[in-house]
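Descriptive analysis of the structure
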Amino acid sequence: MKKNLYLIALLLLAACQPKKVEPADIGQIWKATSVKENGVVVFTEGNAGNTKPGYARFRLDLTSKEQVRFTDVDGRTLSGQWSLSPDNNRLILENLSPPPTGSAGNIEFYITDKPTQERLLLKRTNESRKTGNTVNEYELVPE
C-alpha cells in the first residue's frame, strides 16, 4: 500500500512540473505587410494610398542566431543582438548601433500571437519617437 501511495505521489509531482518552453522559430528576414500606429492602419503592402509608404523598407533580419539587422520606417538600418524572453512573449533587440533616439540602444516588442513561418505579429512595448510617439503594431511576413 505504501509503495502505491509513493508511486502516486511521484506521478502527481512529475505531472505538476512546468514544461520547458521551446524558443519560437523566427530566424528569417521579415518585412511589413501591415502596420498600425496607435491603432490606425498607416501601411498595407501594395496599397498606393498608404499614409506611411516608408514601411515598405521595414526589415527585421533574424537569420543570424544572435545578431539582428533592423531597418525601420525611415530606411535607417541598425545592428545589434536579438533574443526572445524565456516565455516567447517578447522579442528583444539590444545594443543597437546606432542607438535609436531615447532608447539606450534597446527596442522590445510583444509577440501578440504565436509566431508561424508565415506570420509574425509584433507590438512595440513603448512609444516610437520616430513615428511621433506612437505605439506601433506590425504584421510581418517572410521577405
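Heads up: the structure comes first, above all this text.
Residues numbered from 1 in each chain as written. Predicted model: local features only at pLDDT ≥ 70, side-chain atom pairs only at ≥ 80, totals over all residues. Heavy atoms only, no water.

Counting buried residues along strand E1 (residues 29-37), 7 of its 9 residues qualify, which places the element largely inside the surrounding structure. As judged from the 3 bridges shared by E1 and strand E3 (residues 59-61), these two strands associate in the antiparallel manner. For Lys31, the partnering residue across the bridge sits in E3 and is Arg59. As defined by bridge partners, E1 adjoins strand E9 (residues 136-142) across 7 bridges and the pair is classed as antiparallel. What sits directly across from Val35, in E9, is Tyr138. Where E1 and strand E2 (residues 40-44) come together, 4 bridges link them in antiparallel fashion. Note that in E2 the partner of Glu37 across the bridge is Val40. Here E1 folds back onto E2, and the loop between the two strands holds 2 residues, one of which, Asn38, carries a positive phi near 50 degrees. (Buried < 20%, exposed > 50% of the residue type's maximum accessible area, 1.4 Å probe, protein only. Helix = DSSP H or I, 4+ residues; strand = E, 2+ residues; numbered from the N terminus. Pairing = 2+ DSSP bridges.)

We now examine the pairing of strand E7 (residues 107-111). Burial along E7 is one-sided: the residues Ile107, Phe109 and Ile111 are buried and none of Glu108 and Tyr110 is. Where strand E6 (residues 90-97) meets E7, 4 bridges bridge the pair, whose relative direction is antiparallel. Each bridged residue has a counterpart across the sheet, and for Leu93 the counterpart in E7 is Ile107. Direction of pairing for E7 relative to strand E8 (residues 120-124): antiparallel, over a ladder of 3 bridges. Within the sheet, the bridge partner assigned to Tyr110 lies in E8 and is Lys123.

Turning next to the nonpolar core. Ranked by size, the top nonpolar core spans 27 residues in total, and within it Ile26, Leu60, Leu91, Leu93, Leu122 and Leu140 carry the most contacts. Those elements that provide at least two residues to this core are E1, E2, strand E4 (67-71), strand E5 (77-84), E6, E7, E8 and E9. Filtering out sequence-adjacent residues up to four positions away, Ile26 remains in contact with Leu62, Trp82, Leu84, Leu91, Pro115 and Leu120. (Core = buried A, V, L, I, M, F, W, Y, C linked by side-chain atoms within 4.5 Å. Contact = heavy atoms within 4.5 Å.)

Scanning the model with the defined rule gives 7 aromatic pairs in all. Seen in terms of ring centroids, Phe43 and Tyr55 are 6.2 Å apart; in terms of plane orientation they differ by 50 degrees. Their pairing is tilted. Taken together, the positions of Phe43 in strand E2 and Tyr55 in the loop between E2 and E3 put the pair 12 residues apart, joining distant regions of the chain. Residue classification places Phe43 among the buried positions, given a relative accessible area of 4%. Centroid distance Tyr55 to Tyr138: 6.3 Å. Interplanar angle 70 degrees. Geometry classified as edge-to-face. Of this pair, Tyr55 sits in the loop between E2 and E3 while Tyr138 sits in strand E9, placing them 83 residues apart in sequence. Of the two residues examined, Tyr55 and Tyr138, each falls in the buried class. Through pairs of rings, three or more aromatic residues link up here, namely Phe43, Tyr55, Phe58, Phe70, Phe109 and Tyr138. (Phe/Tyr/Trp six-rings, centres within 6.5 Å; stacked < 30°, edge-to-face > 60°.)

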